[in-house]
Amino acid sequence: METNEKFRQMILARAKDLQKHIVLPEGDDPRTIAAAAEVSKAGMADLTILGYSKSIREQLESKGADMSRINIVCPSDSPGLKDYAEAFYELRKHKGLTLEKAFDMIKEVSYFATMMVKMDHADGLVSGAVHSSADTIRPALQIIKAAKGVKTVSSMFFMCRGEETLLFADSGLNQEPDADQIADITLSTAYTAKQFGIIPKIAVVGYSTKGSGVGPLADKVRAAAKAAIAKMESDFDGEYYIDGELQFDAAYVPEVAAKKAPESPLKGRANTFIFPDLNTGNTCYKMAERLAGMSAYGPILQGIAKPVNDLSRGCSSDDIVATIAITAIQSV
Ligand SMILES: CC(C)(COP(=O)(O)OP(=O)(O)OC[C@H]1O[C@@H](n2cnc3c(N)ncnc32)[C@H](O)[C@@H]1OP(=O)(O)O)[C@@H](O)C(=O)NCCC(=O)NCCS
Ligand SMILES: CC(=O)OP(=O)(O)O
């Protein structure tokens with residue numbers, strides 16, 4: 001990971017100005033402890049760390065954490081447990097949740113942390129270094145739910161190297177989005193770009209450029225691009241560029257764009273890539289991270305009512321620090 005990334009420096013500075021409170025449910029994970037120590041020493045945010053290990057405080061102190069910025073909570077011993085269990089039961093009883101089951105589930109750190117955010121006891125949460133994405137995202141979808149006016153919650157990655165920041169979506173949540181869902185993902189990703197000071201230059205990508213490929217998969221991307229272009233025209237407020245269907249090289253390499261898509265408004269300078277399905281989106285982000293040495297921050301959830309962000313189980317503590325900063329910025 002390059003620590004001189006422009007994007008990383010920007011988000012760390014913005015988060016420090018905001019002074020938010022973020023909950024980290026995975027206090028039993030050493031990378032989370034290292035990230036928490038860094039964040040507290042940098043004075044970037046207040047943190048609540050959840051966990052069942054007796055040595056969390058000791059580990060933080062050994063890393064020089066500023067303990068005045070960190071609260072450690074063991075869910076099953078917490079005075080908040082009863083309130084969270086009861087509130088969780090009220091939210092989900094129409095789905096068959098019993099009070100007894102709610103008390104059991106709330107002891108699980110992901111549910112406890114999600115209820116903290118729901119009840120405004122934290123501004124956002126970051127998890128997923130240990131839990132799978134499904135186990136991190138499911139409580140958020142069940143409890144926090146989509147933001148007003150949003151149908152499809154989705155996820156994106158900031159892919160960073162030096163001066164360059166790219167956005168990839170959906171690389172973490174929606175498995176086989178249809179054209180309307182891809183339009184929703186596109187709009188949310190454009191707003192995420194805007195929130196982080198980036199003008200979205202969006203390419204809806206696949207294996208065909210402007211009709212060069214035939215078959216149902218190319219048809220699917222063409223239909224998705226059409227829906228995404230229409231959605232951006234009607235619903236996005238701000239400067240943007242969009243085109244599709246395009247292959248990645250026609251979207252990203254100006255010389256190739258000049259040959260394959262000379263009329264494209266992107267001119268081979270796309271910074272936001274919308275993928276046709278989760279196999280493609282997830283594989284592409286991991287390849288850019290591992291083969292091209294880009295930092296990958298995410299999956300960042302978008303279109304959700306309050307910020308909850310996931311991590312890859314392969315993440316580093318530096319990734320967690322950046323995701324805490326992104327979460328703080330999203331909570332404004
Ligand atoms: C996130 C995920 C777990 C949700 O699916 P699920 O566990 O089967 O859950 P359900 O479909 O029962 O949905 C749970 C709730 O979330 C809602 N939901 C699911 N997907 C949603 C979306 N994209 N937007 C908004 N709400 C959504 C459902 O409506 C449901 O709400 P309800 O329980 O209040 O009725 C699933 O989409 C998933 O596994 N995605 C892939 C994650 C992954 O492995 N990524 C790769 C690594 S990053
Ligand atoms: C985002 C992602 O792919 O998560 P994981 O690597 O944990 O499956």
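This structure is a prediction, so every number in the text was calculated from the model and none was measured.

Criteria and cut-off values
- Residues numbered from 1 in each chain as written.
- Chains lettered and ligands numbered in written order.
- Predicted model: local features only at pLDDT ≥ 70, side-chain atom pairs only at ≥ 80, totals over all residues.
- Heavy atoms only, no water.
- Salt bridge = Lys/Arg side-chain N within 4 Å of Asp/Glu carboxyl O.
- Helix = DSSP H or I, 4+ residues; strand = E, 2+ residues; numbered from the N terminus.
- Buried < 20%, exposed > 50% of the residue type's maximum accessible area, 1.4 Å probe, protein only.
- Near = heavy atom within 4 Å.
- Areas by Shrake-Rupley, 256 points an atom, 1.4 Å probe, with all protein chains shown as cover.
- Nonpolar A, V, L, I, M, F, W, Y, C, P; charged D, E, K, R; others polar.
- Phe/Tyr/Trp six-rings, centres within 6.5 Å; stacked < 30°, edge-to-face > 60°.
- Core = buried A, V, L, I, M, F, W, Y, C linked by side-chain atoms within 4.5 Å.
- UniProt positions renumbered as here; feature names shortened; annotations may be inferred.
- Disulfide = S-S within 2.5 Å.
- Pairing = 2+ DSSP bridges.
- Right-handed = clockwise from strand over helix to strand, strands pointing away.
- Polar contact = N/O pair within 3.5 Å; in protein donor to acceptor, adjacent residues only side chain to side chain.

Some points on the pattern of salt bridges
Line of reasoning, step 1. Tallied over the entire structure, the rule returns 17 salt bridges.
Line of reasoning, step 2. Across the salt bridge formed by lysine 82 and glutamate 86, the nearest N and O atoms sit 3.3 Å from each other. Placement of the pair is lysine 82 and glutamate 86 together in helix 4 (residues 81-92), with a separation of 4 residues, close to one helical turn.
Line of reasoning, step 3. In this structure lysine 82 comes out as partly exposed when scored by relative accessible area, which is 49%.
Line of reasoning, step 4. Overall, glutamate 86 belongs to the partly exposed group, its relative accessible area being 30%.
Line of reasoning, step 5. Here aspartate 219 and arginine 222 are joined by a salt bridge, their closest N and O atoms 2.7 Å apart. Placement of both aspartate 219 and arginine 222 in helix 9 (residues 216-235) is noted, with a separation of 3 residues, approximately one turn of the helix.
Line of reasoning, step 6. For arginine 222, a relative accessible area of 28% corresponds to the partly exposed category.
Line of reasoning, step 7. Salt bridges sharing partners connect three or more residues here, namely Asp184, Lys231 and Asp235.

Describing the site of ligand 1
Line of reasoning, step 1. The local shell around ligand 1 holds 18 residues, among which Arg92, Lys95, Arg138, Lys145 and Val153 are the closest.
Line of reasoning, step 2. Here ligand 1 loses 63% of its free accessible area of 940 Å² to cover by the protein chains.
Line of reasoning, step 3. Contributions of two or more residues to the shell around ligand 1 are made by helix 7 (133-144) and helix 12 (278-291).
Line of reasoning, step 4. Among the elements that take part in the shell around ligand 1, helix 7 stands out by supplying 5 residues, more than any other.
Line of reasoning, step 5. Looking at the shell around ligand 1 residue by residue, the class counts come to 7 nonpolar, 6 polar and 5 charged.

Focus: the packing of aromatic side chains
To describe a pair of aromatic rings, one takes the distance between the centres and the angle between the planes.
Line of reasoning, step 1. This model, assessed by the stated rule, comprises 14 aromatic pairs.
Line of reasoning, step 2. With centroids separated by 5.3 Å and ring planes inclined at 80 degrees, the aromatic side chains of phenylalanine 168 and phenylalanine 275 adopt a geometry described as edge-to-face. Placement of phenylalanine 168 in strand 6 (residues 164-169) and of phenylalanine 275 in the loop between strand 9 (272-274) and helix 12 is noted, with a sequence separation of 107 residues between them.
Line of reasoning, step 3. A residue is classified by how much of its surface remains accessible, and phenylalanine 275, at 4% relative accessible area, is buried.
Line of reasoning, step 4. One aromatic cluster is present, formed by Phe168, Phe248, Tyr252, Phe273 and Phe275 through successive ring pairs.

A word on the nonpolar core
Line of reasoning, step 1. Leu60, Phe158 and Ile324 are the most contacted members of the largest nonpolar core, which has 55 residues in total.
Line of reasoning, step 2. A per-element tally of this core places helix 13 (residues 317-330) first, with 8 residues.
Line of reasoning, step 3. If you look at the next biggest cluster of nonpolar residues, it comprises 29 residues, including Leu50, Phe112, Leu301 and Ile304.

Some remarks on the UniProt feature "domain: Phosphate acetyl/butaryl transferase" (unreviewed entry) in the protein chain
Line of reasoning, step 1. UniProt tags residues 7-328 as "domain: Phosphate acetyl/butaryl transferase" (unreviewed entry).
Line of reasoning, step 2. Along residues 7-328 one finds 46% helix and 17% strand; the C-alpha atoms at either end are 15 Å apart.

Observations regarding the state of the cysteines
Line of reasoning, step 1. Using the criterion set out here, one finds 0 disulfides in the structure.
Line of reasoning, step 2. Of the cysteine sulfurs around cysteine 284, a residue in no disulfide, the closest is that of cysteine 160, at 17 Å.

Observations concerning the pairing of strand 2 (residues 45-50)
Line of reasoning, step 1. Counting buried residues along strand 2, 5 of its 6 residues qualify, which places the element largely inside the surrounding structure.
Line of reasoning, step 2. As paired elements, strand 1 (residues 20-24) and strand 2 share 5 bridges and run parallel to each other. From the neighbouring strand, histidine 21 faces strand 2, where its bridge partner is aspartate 46.
Line of reasoning, step 3. The β-α-β motif built from strand 1, the intervening helix 2 (residues 30-41) and the parallel element strand 2 has right-handed crossover chirality.
Line of reasoning, step 4. Note that strand 2 and strand 3 (residues 70-73) share 4 bridges and pair parallel.

What about unusual backbone geometry?
Line of reasoning, step 1. With an omega of -15 degrees, the peptide bond running from alanine 169 to aspartate 170 counts as cis.
Line of reasoning, step 2. With respect to the element layout, aspartate 170 can be found in the loop between strand 6 and helix 8 (179-195).
Line of reasoning, step 3. Following glycine 244, the chain continues into glutamate 245 via a peptide bond in cis, with omega recorded as 0 degrees.
Line of reasoning, step 4. Locating glutamate 245 in the fold gives a position in strand 8 (residues 241-246).
Line of reasoning, step 5. Despite not being glycine, lysine 267 shows a phi value in the positive range, around 50 degrees.
Line of reasoning, step 6. Looking at the element boundaries, lysine 267 is found in the loop between helix 11 (254-260) and strand 9.

Regarding the site of ligand 2
Line of reasoning, step 1. As a matter of local geometry, ligand 2 sits amid Ser133, Phe157, Asn282, Tyr285, Lys286, Pro299, Ser312 and Arg313.
Line of reasoning, step 2. Interatomic distance of 2.7 Å between a side-chain N/O atom of arginine 313 and an oxygen atom of ligand 2.
Line of reasoning, step 3. Expressed as a share of its isolated accessible area of 260 Å², the protein-covered part of ligand 2 is 87%.
Line of reasoning, step 4. Here the residues of the shell around ligand 2 are counted per class, giving 3 nonpolar, 3 polar and 2 charged.

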